[in-house]
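Below are the chains, spelled out letter by letter.
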Amino acid sequence: MISSLKTYKTVTPDQVKVWFNAAPVSKFPKNGGACIKYKDKQIAVFNFTREGRWYACQNLCPHKMEMVLSRGMIGEENMEPKVACPLHKNTFSLENGKHLNGGLEAIATYPVKVEGDIVYVGFSE
Amino acid sequence: MKTIIVVGNGMVGYKFCEKLVSREAGKQFKLLVFGEEPRAAYDRVHLSEFFENQDAKALELAPMAWYTQNNIELIVNERVTDIHRSKKSITTASDKEFFYDHLVLATGSAPFVPPINGIEKEGVFVYRTIEDLEAMLSYAEKIKQTNKQGKAAILGGGLLGLEAGKAVMDMGLEPHVVEYAPKLMPRQLDSRSSNVLKLTLESTGMHIHLGKATNKILGNGSITGLDFGEDDTLNVEMLVISAGIRPRDELGKTCNLKMGVRGGIVVDDKMQTSDPNIYAIGEVALYNQMIYGLVAPGYEMAEVAVNQILQKEVLMQKNIDMSTKLKLIGVDVASFGTPYMPADKGLSIIYENKTKGVYKRINVSHDGKTLLGGIMVGDAEDYSILHQMYLNHIPLPENAEELIVGARGDGGSPFGSAMDLPDEAVICSCEGVTKGAVCCSVLEDGNETVKAVAKATKATSGCGGCKPMVADLVKESLKTLGKTVKERICEHFDFSRQELFDIVKLRDINDYYELLDEVGTGHGCEVCKPAVAAIFASIHNETANRQETIQDTNDRFLANIQRNGTYSVVPRVAGGEITPKQLIAIGNIAQKYDLYTKITGGQRIDMFGAKLHELPLIWEELIKEGFETGQAYGKSLRTVKSCVGSTWCRYGMDESVSFAVAIENRYKGIRSPHKFKGGVSGCIRECAEARGKDFGFIAVEGGWNVYVGGNGGASPKHAELLAEKVDKATAIKYVDRFIMYYIKTAKPLQRTAPWLEKLEGGITYLQNVVINDSLGIADELDQEMQALVDSYKCEWKEAVETPEIRERYTHFVNSDETDGNIEFVALREQKMPREWA
Ligand code: SRM
Ligand SMILES: Cc1cc2nc3c(=O)[nH]c(=O)nc-3n(C[C@H](O)[C@H](O)[C@H](O)COP(=O)(O)OP(=O)(O)OC[C@H]3O[C@@H](n4cnc5c(N)ncnc54)[C@H](O)[C@@H]3O)c2cc1C
Ligand code: SF4
Ligand code: FES
């Protein structure tokens with residue numbers, strides 16, 4: 001299980017090699033998240049409709065290694081966008097993956113762009 | 001750059017690092033830390049909490065990253081084996097050598113294991129590290145597999161022994177505390193308080209054996225019992241030793257530092273050992289010929305050592321306060337100052353109430369002016385303030401007994417206010433934070449909440465015992481600024497829940513973001529979203545389907561998320577009454593979807609292990625069979641538990657099932673600040689446990705007794721009597737008003753029991769509101785409740801019938817595959833999620 005964590009590495013915008021066509025915008029709830037599959041990865045994609053921004057991170061919560069983050073509630077703390085895991089409410093920054101209310105490992109984050117009606121997530125491989 | 005080496009990364013060793021790097025001058029040193037344990041320092045004081053969640057991270061004092069960020073090199077899993085004073089170096093178990101300019105020994109102590117015959121047997125444990133606890137847990141699991149009634153003994157009835165006793169009980173073993181002395185906590189308690197404590201602990205299921213000397217550990221390979229001599233034995237499968245501590249002073253011995261006769265490295269008031277380049281702090285240091293087994297003195301020692309190294313003249317104080325308040329065991333126990341003493345040293349005032357398990361003693365000087373110490377068992381609410389009076393030599397009131405029996409008449413509190421304490425009074429002894437620092441943080445630095453003050457001053461971050469007093473000081477300081485403590489639900493709304501409720505109602509808002517735009521700031525979070533969702537639900541009775549992304553996880557998908565990300569399904573079974581046909585239907589559906597089934601504590605059936613995409617399919621079938629959502633996921637009415645009542649039971653005074661079914665159908669679907677539950681019993685034998693519920697009815701001669709504000713759960717409380725012998729219609733009317741009033745005024749996630757406890761005037765006030773209509777709002781409450789009742793709809797029916805809602809139930813939005821991460825393992829004839837990694 002721990003090894004599955006290694007599947008997920010933060011991708012910064014300059015490292016993007018593949019812009020993966022994830023799904024149309026309408027598939028993602030407003031001000032909420034949904035999960036997409038890319039190769040063997042589960043990626044949580046969040047639609048911050050109110051702010052007009054999108055974020056993506058691994059769907060795997062590093063606390064108990066469950067694929068649940070996309071179902072977590074999103075929000076903001078001191079203007080930093082975050083997601084709260086639905087299982088035990090650990091919260092993670094969606095800007096840099098940092099665990100905000102404890103010392104768990106940071107989660108991997110991925111760039112997102114929306115072109116036309118399509119949401120793309122950036123991967124390095 | 002000069003090097004400081006710290007040996008030991010325990011609580012005190014860590015505190016030394018924290019204090020050093022927080023000082024500008026401290027940054028000029030290279031700091032190298034060795035810890036023998038496999039992880040960075042953690043909160044040993046709260047070690048027992050590890051049993052609750054087995055989450056070692058939660059105990060961490062700082063994450064590994066903190067050490068790196070502060071340029072501290074921490075090497076864990078490495079024991080220091082030698083000190084070479086002449087070359088100023090140390091060597092480690094892996095034979096590496098490191099040089100120091102200053103050496104700080106913070107090696108703590110180890111549990112004392114008495115040399116009893118057989119002590120090496122399997123199943124004998126000590127209680128000091130996370131690894132000790134893990135070993136105990138897995139051994140206890142082993143015992144429980146062969147023996148459900150397994151027993152464990154704890155050797156030693158001191159502070160730690162009792163905590164270990166509680167831990168063993170939580171592990172599901174029967175605890176037996178064995179103490180050599182004739183009383184519990186011999187150093188802190190007198191015999192009478194020990195008796196009171198013993199009785200209370202025994203009533204919780206702890207067995208206590210006093211005046212017993214253990215001669216031998218019985219068993220062949222693994223422990224089977226204790227032998228006290230003279231044919232007196234106790235059969236147990238496990239033993240936890242808690243017989244005191246011994247300093248880990250071996251490094252001091254090997255390099256010939258000055259040692260105490262019974263161990264410990266001797267230090268002076270600069271925390272210097274006999275070698276001025278070597279400091280010793282924490283539980284390894286012998287100061288004033290004493291080892292202090294508490295964190296507060298250890299932290300003070302760390303402060304002194306840091307200052308000495310930075311060449312500041314700060315010395316350790318002469319008298320060290322050893323007052324303690326016991327945590328975790330479920331009974332209040334505290335002792336401070338000189339807890340007991342002969343009459344020529346001072347006079348005692350003692351209050352004892354055996355029926356309530358309360359004992360309080362204070363010792364007063366002969367002139368009646370100062371407090372010398374005391375003991376509290378069963379009720380230690382006033383411990384902090386008494387402790388402060390003792391520490392600060394506050395003059396006593398004329399009738400000192402009022403300090404423990406409460407003031408007579410309405411003269412107010414005998415203590416005065418926390419604000420009367422001198423500024424130097426140390427409020428948080430773990431972190432050494434004074435009253436002055438707390439108030440200044442509010443008055444001058446503009447921190448307006450306990451959380452902000454805690455962050456700025458570190459107060460309350462140790463054992464947390466000072467929290468109530470810090471809260472008082474914050475509140476009082478704000479008052480002097482002409483501000484009141486504002487309860488805000490989170491950083492996005494500067495309002496309490498009650499205020500938001502009124503705003504939503506008055507402005508008729510029903511969209512979260514509209515509310516945020518009108519009266520909030522920022523973009524919202526996981527605290528305010530569900531709180532506001534509950535307010536919308538209570539006012540407009542809308543289901544959780546409309547604004548699904550502001551709902552708590554369980555509400556968003558109308559099901560309870562389980563440990564592996566699957567869900568459970570609970571249809572409503574009002575009053576626990578179910579037909580054979582319905583049972584068969586549930587059975588068939590559960591079988592079809594391979595769900596684990598269990599009868600819940602709320603008299604209905606839970607089906608576990610449904611994947612997200614299966615939920616609408618399962619509910620579609622349940623609805624076809626006539627079921628509705630049971631809202632086991634909502635902060636809403638759960639169940640109304642019933643006993644069989646007069647239809648069948650020979651003692652029944654009335655039809656409890658019929659009443660329970662009616663009342664559950666009346667309140668179903670209503671959302672509230674927290675979940676609420678009901679119970680209906682057919683007579684005072686109370687088989688439905690109605691008095692353990694938020695509202696309860698009990699049939700008596702001449703009508704129904706109505707109870708409100710009961711709670712099972714984490715802090716059980718019996719409900720209080722609201723009205724006696726009323727007819728059904730009246731009973732319902734009162735409970736309608738009670739629930740509606742609660743919904744409007746409670747804080748988010750506050751159950752009715754704590755709400756009622758906090759309600760000024762308590763049950764009498766509530767009676768006035770709901771029975772005598774003292775606020776003139778009864779009609780309004782009645783109408784609001786009736787509107788909620790009339791607008792009920794099953795939200796699962798709505799969900800399966802609405803295609804856009806159904807679409808939410810898919811694991812991936814770009815693939816029909818399901819979550820491959822979910823794995824089940826067999827459990828008896830059914831299944832369960834695989835273990836967490
Ligand atoms: C299923 C059930 C256990 C069982 O197998 O019997 C259960 C399961 C859970 N309970 Fe419970 N409680 C269940 C009866 C109870 C009872 C007994 C009762 O209702 O008579 C109590 C004590 C009575 C009370 O509430 O006063 C109870 C007190 C709690 C508490 C503590 C509440 C408190 O005020 O201290 C929590 C935690 C909370 O709500 O914050 C909790 C929370 C939970 C949660 C929701 C924990 C969670 O967040 O996942 C569990 C959900 C599991 C699931 O998915 O279904 N459960 N829980 C019972 C469902 C009853 C039902 O049919 O709806
Ligand atoms: C269950 C429990 C409950 C407690 N409750 C309370 C309470 O309520 N209130 C209170 O005030 N106190 C309480 N205490 C006591 C408190 O935990 C100690 O006073 C405190 O931890 C002492 O800190 P320390 O740094 O001196 O020792 P420790 O925390 O024991 O740290 C010493 C560290 O040094 C390491 N070490 C030892 N030798 C070497 C070596 N040669 N090389 C490298 N590393 C070494 C050890 O492995 C250990 O990690 C409790 C203790 C326990 C076990
Ligand atoms: S069902 Fe209730 S008591 Fe049991 S583990 Fe879950 S929350 Fe705790
Ligand atoms: S699994 Fe995410 S917080 Fe526990």
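Residues numbered from 1 in each chain as written. Chains lettered and ligands numbered in written order. Predicted model: local features only at pLDDT ≥ 70, side-chain atom pairs only at ≥ 80, totals over all residues. Heavy atoms only, no water.

Draft legend 1. Local environment of the overall build of chain B. Helix and strand counts for chain B stand at 27 helices and 38 strands. Of all 837 residues assigned to chain B, the portion counted as buried reaches 53%. The long-range share in chain B, meaning contacts at least 24 apart out of those at least 6 apart in sequence, stands at 62%. Entry remark: accessible area of chain B is about 37,300 Å², with carbon and sulfur atoms responsible for 49%. (Helix = DSSP H or I, 4+ residues; strand = E, 2+ residues; numbered from the N terminus. Buried < 20%, exposed > 50% of the residue type's maximum accessible area, 1.4 Å probe, protein only. Contact = heavy atoms within 4.5 Å. Areas by Shrake-Rupley, 256 points an atom, 1.4 Å probe, with all protein chains shown as cover.)

Draft legend 2. Representation of the overall build of chain A. Of the regular secondary structure elements, chain A holds 1 helix and 12 strands. Ordered by position from N to C terminus, the α and β elements of chain A give α-β-β-β-β-β-β-β-β-β-β-β-β. The burial tally for chain A puts 59% of its 125 residues in the buried class. The long-range fraction of contacts in chain A, counting pairs at least 24 apart against all pairs at least 6 apart in sequence, stands at 50%. When the accessible area of chain A is evaluated, it comes to approximately 5,100 Å², of which 50% is carbon and sulfur surface.

Draft legend 3. Broad picture of the interface of chain B and chain A. Taken together, the 45 residues of chain B in the interface contact 44 residues of chain A. Counting the surface lost from both chain B and chain A, the interface buries some 3,600 Å², and carbon and sulfur atoms represent 52% of this. Contact with chain A buries area across many residues of chain B, yet B:His523, B:Glu526 and B:Val813 alone supply 19% of it, more than any other trio. At the boundary of chain B with chain A, the tally comes to 5 salt bridges. Here B:Arg834 ties to A:Glu66 by a salt bridge, and the two come within 3.6 Å at their closest N and O atoms. (Buried area = accessible area lost by both parts, 1.4 Å probe. Salt bridge = Lys/Arg side-chain N within 4 Å of Asp/Glu carboxyl O.)

Draft legend 4. Region of interest: the environment of B:Lys641. As for its placement among the helices and strands, B:Lys641 is situated in strand S32 (residues 637-642). A polar contact is formed between the side chain of B:Lys641 and the side chain of B:Glu689, at a distance of 2.7 Å. (Polar contact = N/O pair within 3.5 Å; in protein donor to acceptor, adjacent residues only side chain to side chain.)

Draft legend 5. Examining the confidence of the model for chain A more closely. On average, residues of chain A score 92 in pLDDT, and 96% of them are at 70 or above. Ranking the helices and strands of chain A by mean pLDDT puts strand S10 (residues 109-110) of chain A first, with 97, and helix H1 (residues 2-5) of chain A last, with 57. (pLDDT = per-residue confidence, 0-100.)

Draft legend 6. Representation of unusual backbone geometry within the structure. All names here are of chain B. Backbone geometry places Asp95, a non-glycine residue, at a positive phi of 65°. Within the secondary structure, Asp95 is located in the loop between strand S5 (89-92) and strand S6 (97-99). Accessibility expressed as a relative area gives 68% for Asp95, which makes it exposed. Phi angles above zero are rare outside glycine, and Asn288 is one such case at about 55°. Topologically, Asn288 is positioned in the loop between strand S20 (285-286) and helix H9 (295-309).

Draft legend 7. Geometry of the pairing of strand S11 (residues 174-178) of chain B. All names here are of chain B. The element S11 is largely enclosed, with a buried count of 4 among its 5 residues. Handedness of the crossover joining strand S10 (residues 151-155) and S11 through helix H6 (residues 159-170): right-handed. In this structure, S11 lies alongside strand S12 (residues 207-209), joined through 3 bridges in parallel fashion. Counted as the bridge partner of His176 is His207 from S12. (Right-handed = clockwise from strand over helix to strand, strands pointing away. Pairing = 2+ DSSP bridges.)

Draft legend 8. Focus on the nonpolar core. Residues and elements named next belong to chain B. The biggest cluster of nonpolar side chains holds 90 residues, and the ones touching the most others in it are Phe16, Leu31, Leu105, Met271 and Ile281. With 8 residues, the top contributor of residues to this core is H9. For Phe16, the contacting residues outside a window of four places in its chain are Ile4, Val6, Leu31, Val104, Ile281, Ala302, Ala305, Val306 and Ile309. By size, the runner-up hydrophobic cluster in this structure holds 60 residues, among which are Ile509, Tyr513, Val708 and Met785. (Core = buried A, V, L, I, M, F, W, Y, C linked by side-chain atoms within 4.5 Å.)

Draft legend 9. Summary view of the sheet that holds strand S34 (residues 695-700) of chain B. Residues and elements named next belong to chain B. An order of S32-S33-S34-S35-S36 is seen for the 5 strands of this open sheet, with the pairing classed as mixed. What marks the edges here is a single partner per strand, and that holds for S32 and strand S36 (720-726). Taking the axes of each pair of neighbouring strands and ignoring which way they run, one obtains an average angle of 15° across the sheet. Helix H22 (residues 728-745) rests against strand S33 (676-681), S34, strand S35 (703-708) and S36 of the sheet, and its axis sits at about 155° to S36. Packing against the sheet, helix H24 (residues 762-770) makes contact with S35 and S36, and its axis sits at approximately 45° to S36. (Axes fitted to C-alpha atoms, helices over the stretch in contact; angles between N-to-C directions.)

Draft legend 10. Just the pattern of salt bridges, in detail. Residues and elements named next belong to chain B. Enumeration according to the criterion identifies 55 salt bridges over all chains in this entry. Lys212 serves as the salt-bridge partner of Asp232, at 2.6 Å between the closest nitrogen and oxygen. With Asp232 in the loop between strand S14 (225-227) and strand S15 (233-235) and Lys212 in the loop between S12 and strand S13 (216-218), this pair connects stretches of sequence that are 20 residues apart. Exposure remark for Asp232: the relative accessible area of 27% places this residue in the partly exposed category. Salt-bridge contacts for Glu801 lead to Lys797; the nearest nitrogen and oxygen are separated by 3.2 Å. You can see Glu801 and its partner Lys797 sitting in helix H26 (residues 795-801), 4 residues apart, about one turn around the helix. Residue Glu801 is classed as exposed on the basis of its relative accessible area of 52%.

Draft legend 11. Structural context of the environment of B:Glu487. All names here are of chain B. By the secondary structure assignment, Glu487 is in the loop between helix H14 (467-480) and helix H15 (497-507). Assessed through its relative accessible area of 45%, Glu487 is described here as partly exposed. When the C-alpha positions of Glu487 and Arg497 are compared, they lie 8.3 Å apart, and in sequence the two are 10 residues distant. Discounting residues that sit within four places of it in the chain, Glu487 has contacts with Phe495, Ser496 and Lys747.

Draft legend 12. Region of the structure containing the site of ligand 1. All names here are of chain B. Near ligand 1 you find 20 residues, and of these Gln562, Thr600, Gly601, Arg604 and Gly712 are the closest. Contact between ligand 1 and Asp606: an oxygen atom at 2.8 Å from a side-chain N or O atom of the residue. At 2.9 Å, a side-chain N or O of Arg751 approaches an oxygen atom of ligand 1. Taken together, the residues of the shell around ligand 1 break down into 2 nonpolar, 11 polar and 7 charged. (Near = heavy atom within 4 Å. Nonpolar A, V, L, I, M, F, W, Y, C, P; charged D, E, K, R; others polar.)

Draft legend 13. Up close: helix H12 (residues 435-443) of chain B. Listed as buried for H12(B) are B:Lys435, B:Gly436, B:Val438, B:Cys439, B:Ser441 and B:Val442. Of the surrounding elements, those touching the buried residues of H12(B) are strand S26 (426-428), strand S27 (433-434), helix H13 (450-457) and H14 of chain B.

Draft legend 14. Focus on the packing of H15(B) against H22(B). Residue and element names in this part refer to chain B. Where H15 contacts H22, the two axes come as close as 7 Å, and the packing angle between them is 100°. Between H15 and H22, the interaxial angle falls into the category roughly perpendicular. Across the interface between the two elements, Arg497, Gln498 and Phe501 of H15 pack against Ile743, Lys744 and Thr745 of H22. Class assignment of the residues belonging to the contact of H15 with H22 gives a composition of 2 nonpolar, 2 polar and 2 charged. (Parallel < 35°, antiparallel > 145°, perpendicular 65-115°, else oblique.)

Draft legend 15. Geometry of the pairing of strand S2 (residues 29-34) of chain B. Residue and element names in this part refer to chain B. In terms of residue burial, S2 counts as a mostly covered element, since 5 of its 6 residues are buried. Looking at chain direction, strand S1 (residues 2-7) and S2 are connected through 6 bridges and run parallel. When the sheet's bridge partners are listed, Thr3 is paired in S2 with Lys30. Strand direction decides the pairing type here: S2 and strand S3 (residues 72-75), joined by 4 bridges, are parallel. The residue of S3 that forms the bridge with Leu32 is Glu73.

Draft legend 16. View of the side chain of B:Arg556. Here B:Arg556 shows up in helix H18 (residues 553-556). Buried and unpaired, B:Arg556 has no salt bridge, with B:Glu548 as the nearest side chain of opposite charge at 5.1 Å. Here A:Gly33 takes part through its backbone oxygen, which lies 3.1 Å from a polar atom of the side chain of B:Arg556. (Lys, Arg positive; Asp, Glu negative; His and termini not counted.)

Draft legend 17. Local environment of the state of the cysteines. Applying the stated criterion across every chain, the model contains 0 disulfides over all chains. B:Cys643 forms no disulfide, and the closest cysteine sulfur to it belongs to B:Cys687, at a distance of 5.7 Å. (Disulfide = S-S within 2.5 Å.)

Draft legend 18. Highlighting the sheet that holds strand S30 (residues 596-599) of chain B. Residues and elements named next belong to chain B. If you trace the 4 strands from one edge of the open sheet to the other, you get S28-S29-S31-S30, paired in antiparallel fashion. The sheet is open, and its two edges are formed by strand S28 (560-561) and S30, each paired on a single side. Across 2 bridges, S28 lies against strand S29 (residues 567-569) in antiparallel orientation. The residue bridging Ile561 from the neighbouring strand is Tyr567, located in S29.

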